[in-house]
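Inside the fold
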Amino acid sequence: MNKYLNFLWSNKTTVFLCGILIIFGGIFSLFRLPESIFPNVNFPKVSILVHNQYLPVKYMLVSVTRPLEEAARTEPNVILVRSQTGNGLSKIHVYFNSNVNPKTAYLMLQARIAKINLPPDSNVSIRLMEPNIYPFAEYALVSNKIDSSNMMSYYYFQVKPTVLGINGVYKVEETSRGWPEINIAIDPQKLLQYKISPQEIIHYLILNQGPFFSGVMNYFNQQLNLSTTSIDNIKDLSNFTIPIKSRNSEFIPLTLDKIADIKIQNPPLIKEAKVSGYKHALIMDILSQNKANEVKVSKELQKVFETIKDRLPSGIKLIKIYDLSDLIKSNLNDVWIALILGSIIALIVVMLFIGRIDGALSVFIVVPLSLSLTFIALYLMGFGLNIMTLGGICASIGAMIDHAIVIIERGLQNIESNAKKRLSGVFKRLKDILLPMSLATITSTVVFIPLIFLPGTLGLLFKHMAIAIIIALIASQLIALTFTPILSMMIVYRKTNKKIIPKNRKLYFMFSHSLIFFMRRPWISIIIILLVAATGYVCFKNLPTAFLPKWDEGLISVPFRTPVGSSVETTTKIGELLMNEASKNPNVDKVSLMVGRGFGNSFSTPNKAIMMIVLKKDRKESTQKVMLELDKKFKTIAPNLISLNSSQIMVNRLGDLSGSHAPLEVFLFGSDPDKLFKGGQKLYKILAKNKDFESVTYKSPSAGPEIEFNPNYFATVNNINSKNLADTIKLYFWGENAGFLLKGEQLFPIRITLKDKPQTIQELKSLNIIHNDMPMALNMLSNINIKNSVPYITHQNLVPYSYIWVKPYSHIGLTKAANDIDNIVKRMNLPHDISYSIGGYYKQQTKSFQNMYLILTIALFILLILFGFQFSSQKCAIVAIIAISSTASFSLLSLLIARLNLDSTAFLGILLVFAIVVNNIILIFSRSKQLSKTHTHKSVALAVRSRLRPIIMTMSADIVGFLPLAIGIGKGTDLLKPLATATIGGLIFGAFASLIIAPSLFSLFSIVKYKK
């Protein structure tokens, strides 16, 4: 060790040059780390969405959902398959084992699904659930004069290509009415008059549309391509001739405009978009590429949109609805401020203890060096800068300062007056501390290794935090072994007349007597530990539990459903009422609405919509408070809504990615869908009356009213089958595609419809069905059944189920709410063929808590083994484990006092306390072993006394360093508040446990009696 320290001292200039290189490398890496809210990880879940107009539920089940379910269920490593089937819509969620590679599983499933023959015109989307499948920014083309269909041309040919040209942009998705189309409304009476069917017109249009390839001709050394076309524009379409038979069986031409009205119009209303303050809107969702730096992409996006704004057609505006880069920057900036502020406060504390500015500055210099090394490692390993990694770095700041304090403080002890002996003296003191400190760091690092293997959603997130902590600890230790000893040597070598470390002899005297008192009466420590354990148990039982901490994003997602059977138009009108009410709130900046699509899904039922509320940056109220206020007003304005669930956008996305869409989900399983539907409604009504629940939503609604036509005997006699009947009715109510017209590169779909569409049930019954040139009333050809409700078909692993979402008030906690629901369901006495289970965030929380218990146990067991090797005494190891584990009670107590929920980040704070207290106890017993070959009462007492100042100094620095996070600097520190609070509470008792409890228990377990 002396040779190593001599080497450092001889090459101190070179070492400092290396430090400058590390600083520059850290800055370089920091500005190239991709920034995001959560780590960019792939979740072991694949979402399949199939949309096919409005095909009936049963048809979608048999031809789409069932084949996809069976294919997914037979795929290796699939643990769960959930499906929802509605009119023209099938959603299948496939969950894989957490040990499988998500991308490999996704590709294998995609290959299997590609072999399934789905119905024609099926729109299939298969997505691996990863953060970049959701938009990071939303913009809109808005106007009070031009509707969204007429904006499509400008969006598609001008805006979209420009945005896709930005490096880092993956996809741009639009929500609007869609492309305008050419509608040919045929007069049914004309069809009878000329004895021609709509199918013949469609057939002729497609056959004559073109362009068709007609060959190649060589002419005067030129090669000419031959093509045939008939229809190029609306004029040609109007003059398009159809051959009809005359009475003489000869074909005569009939132009299309003689039997139909032809015009350009908007397509059927399947989706709609609205933005507050404007009549028409085309909303653009912009998705980033995987692992792209969304902050940088956003900057480029804003530049591009500024240029686009200058070239917008008259009457159209381009506005920003939201941009998550603003949220990313503000939240990460808040964490940075808390980190810097905590470091400065810790520096002041160190300076007060050491009494020398150069000593305190030396401690502070180590922090940027350790951070730089950490950023370099994160960059090389492909990690990004997010709440988890930055939170891990914040959690490690204490360790960085601790390492520096231990070395600087040890070097400043008992400085020799002789300049020649001063350097050799500091060598000796540093030699005594470097090895034990390295062993302590290794031990602390090992504590966090189990977090890397934590399964589930939190495992994916906390893996990044754990790796960041481990990297920061190792980086800090490397700096402590290289730069810090040189700084300590330089301070000691520098002559000063000032008293190096001012000591309070009275304090040392009082502590020594207290230590002796407890070591002579170890039973008092046992009583203290029992009381502390009892306090921890009471706190644990009374703390409300949560999946993740509360967070103030400033973005509110409000998905809602209007009554079953509502059209897109009706849903839009209700949505506009809600938008207007939201806009009146002084905290609200912008409101957007998308109807006929869901959160992350391109298609949905007509009665489903999602409203996005963007709050002002300088708002006076929290996002949670605004949500509660708006929810009450929304339910007053639209009391007939089936569901309305407000949540913050990132929480919503995290739930969607993990498969848990609500705090609590109650599932009812059985073989009879109708019985499940009724049982779910009954349970929903009971839960809705419970005052502990903020909202209750029945998520197995009806797919809507349905009119069913069953061809009868008369239809069979007239050779009319179900397909003939369906095709004719479809022409009235939907139309049939007959190709397209091409104008430049814009396609105009051609839709054939029949005029005089029935508006009432009575008109529908008397509707004439033309067959063999004869009109027949619909009610003569078929039995007409009107169904008021057709339930959604929901499956879990091919078994039907019904489910309810429950959101309890935050002070209730998920565990208590789940127990209440469990008791309610048991009292319902469900039929024997219906079973139930409770999931949602609660299930994720339960799993994460169980895993955290296991990790804490494993960490303590690992520490027991490592302590045994380091101390050469299991007696000391057991003492250390008891002292360390007792700090958890004060962590829980601090959460209770601060009125915070017990969540997984709080458990991480407890683990962090263990890692910090480990350092103190290792250094105490290592010092004891240096003073005596075997641990004795005297050596332990002297070791504790010598470690008093550095332990108080490091604990004080750590506690004040975490204060900015615990208090909350801005809204970005919300996620780290439970972690910081639990850490501070544990560290407060950790100092007492290290200095009093550990030596007292040692005397209890020691065979050698204490001698005065």
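Up top is the structure these notes are about.
Description of the structure in this document.

Conventions we followed
- Residues numbered from 1 in each chain as written.
- Predicted model: local features only at pLDDT ≥ 70, side-chain atom pairs only at ≥ 80, totals over all residues.
- Heavy atoms only, no water.
- Helix = DSSP H or I, 4+ residues; strand = E, 2+ residues; numbered from the N terminus.
- Buried < 20%, exposed > 50% of the residue type's maximum accessible area, 1.4 Å probe, protein only.
- Contact = heavy atoms within 4.5 Å.
- Lys, Arg positive; Asp, Glu negative; His and termini not counted.
- Charge placed at Lys NZ, Arg CZ, Asp CG, Glu CD.
- Pairing = 2+ DSSP bridges.
- Axes fitted to C-alpha atoms, helices over the stretch in contact; angles between N-to-C directions.
- Salt bridge = Lys/Arg side-chain N within 4 Å of Asp/Glu carboxyl O.
- Polar contact = N/O pair within 3.5 Å; in protein donor to acceptor, adjacent residues only side chain to side chain.
- Expected span 1.5 Å × (residues − 1).
- Phe/Tyr/Trp six-rings, centres within 6.5 Å; stacked < 30°, edge-to-face > 60°.
- Lys NZ or Arg CZ within 6 Å of the ring centre and 35° of its normal.
- Arc of directions from axis to C-beta.
- Patch = residues over 30% accessible without salt bridge, like charges linked within 9 Å, V, L, I, M, F, W, Y side chains within 5 Å.
- Areas by Shrake-Rupley, 256 points an atom, 1.4 Å probe, with all protein chains shown as cover.

Broken down by element type, the chain carries 32 helices and 31 strands. Each principal axis of the C-alpha distribution contributes one length, and for the chain these read about 130 × 80 × 50 Å. In the chain, buried positions account for 57% of the 1012 residues. Considering only intrachain contacts with a sequence separation of at least 6, the fraction spanning at least 24 residues in the chain is 80%. Seen as two clouds, the 106 positive and the 62 negative side-chain charges of the chain have centres 17 Å apart.

Across the sheet, which stays open at both edges, the four strands sit in the order 12-7-25-24 with mixed pairing between neighbours. Every interior strand has two partners, whereas the edge strands, strand 12 (260-265) and strand 24 (736-743), have only one. Recorded for the sheet is a direction-independent mean angle of 25° between the axes of neighbouring strands. Bridge analysis of strand 7 (residues 181-186) against strand 12 gives six bridges, and the strand direction is antiparallel. Paired with I186 across the strands is A260, a residue of strand 12. Packed onto the sheet, helix 22 (residues 722-733) meets strand 24 and strand 25 (746-754) and runs at close to 115° relative to strand 25.

Attention shifts here to the sheet that holds strand 6 (residues 169-175). Each strand in a sheet pairs with its neighbour through backbone hydrogen bonds, running either in the same direction (parallel) or in the opposite one (antiparallel). In space, the four strands of this open sheet follow the order 6-14-5-15, with antiparallel pairing throughout. The two strands at the open ends of the sheet, each matched to only one other strand, are strand 6 and strand 15 (317-323). Neighbour-to-neighbour, the strand axes of this sheet turn through a mean angle of 25°, independent of strand direction. In this structure, strand 6 lies alongside strand 14 (residues 280-288), joined through six bridges in antiparallel fashion. Bridge pairing in strand 14 places T175 opposite I283. Relative to strand 15, helix 9 (residues 294-309) is tilted by about 165°, and along the sheet it contacts strand 5 (137-143), strand 6, strand 14 and strand 15.

The buried fraction of strand 1 (residues 45-51) amounts to seven of the seven residues, a majority that puts the element mostly inside the structure. Neither face of strand 1 is open: one carries K45, S47, L49 and H51, the other V46, I48 and V50, and all of them are buried. Across six bridges, strand 1 lies against strand 4 (residues 123-128) in antiparallel orientation. Note that in strand 4 the partner of V50 across the bridge is V124.

Our focus in this paragraph is the pattern of salt bridges. Once their charged atoms are close, side chains differing in charge can pair, the charge on each being opposite to the other. For the coordinates displayed, the defined rule picks out 21 salt bridges. Between R112 and E75 there is a salt bridge whose closest N-O contact spans 2.5 Å. With R112 in helix 4 (residues 102-114) and E75 in the loop between helix 3 (57-73) and strand 2 (78-86), this pair connects stretches of sequence that are 37 residues apart. For K320, the salt bridge is made with D326, and the minimal N-O distance between the two is 3.1 Å. Take K320: its relative accessible area is 29%, and that puts it in the partly exposed class.

Turning our eyes to something else, we now look at the side chain of S29. Position of S29 relative to the elements: it lies in helix 2 (residues 12-30). Taking relative accessible area as the criterion, S29 reaches 3% and is therefore assigned buried. Among the polar contacts listed, one links the side chain of S29 to the backbone oxygen of G25, at a separation of 2.9 Å. Once residues within four sequence positions are removed from consideration, S29 is found in contact with F375, I376 and Y379.

This brings us to unusual backbone geometry. Backbone geometry at L798 places phi at a positive 70°, although glycine is not the residue there. Position of L798 relative to the elements: it lies in the loop between strand 29 (793-796) and strand 30 (799-808). One non-glycine residue, R899, adopts positive backbone phi at about 60°. Along the chain, R899 falls in the loop between helix 28 (887-897) and helix 29 (904-931). Owing to a relative accessible area of 77%, R899 belongs among the exposed residues under this scheme.

In an α-helix, one turn spans 3.6 residues, which is why side chains three or four residues apart end up on the same side. An ideal rise of 1.5 Å per residue puts 16 Å on twelve residues; helix 22 measures up with 16 Å between its terminal C-alpha atoms. Of all the residues in helix 22, the buried ones are L725, D727, T728, I729, L731 and Y732.

So, about the packing of aromatic side chains. All chains considered together, the criterion is met by 17 aromatic pairs. Taking the centre distance of 5.6 Å and the plane angle of 90° together, the rings of F517 and F518 count as edge-to-face. Taking the relative accessible area as the measure of exposure, F517 reaches 37% and is therefore partly exposed. The buried category is assigned to F518, whose relative accessible area is 14%. In this structure an aromatic cluster arises from ring pairing among F517, F518, F890, F989 and F992. One residue, K271, lies across the ring of F603, its end atom 4.7 Å from the ring centre.

Our next topic: the environment of F251. Counting through the fold element by element, F251 comes out in strand 11 (residues 251-255). What F251 contacts, discounting residues up to four positions off in sequence, is P243, I244 and K245.

When the terminal C-alpha atoms of helix 20 (residues 673-688) are compared, their 22 Å separation across 16 residues agrees well with the 22 Å that a helix rising 1.5 Å per residue should span. Within helix 20 the residues assigned to the buried category are L676, F677, G679, G680, L683 and L687. In a view along the axis of helix 20, the buried residues occupy a sector of 170°, so they form one face of it. For helix 20, the exposed residues set more than 90 degrees away from the buried face come down to K678 and K685. Buried-residue contacts for helix 20 involve strand 21 (664-669), strand 22 (693-698), strand 30 and helix 25 (814-828).

The next point concerns the pairing of strand 10 (residues 241-245). What you see with strand 10 is a clean split: I242 and I244 sit on the buried side and T241, P243 and K245 on the side with no burial. With five bridges joining them, strand 10 and strand 11 adopt antiparallel strand pairing. If you follow T241 over to strand 11, its bridge partner there is T255.

Moving on, we come to a nonpolar patch on the surface. Nonpolar side chains collect at one region of the surface, where L17, I20, F24, I27 and F31 lie side by side and expose about 550 Å² of accessible area between them. Along the chain, F31 turns up in the loop between helix 2 and strand 1.

Such coordinate-based values are descriptive only and should not be taken to indicate function.
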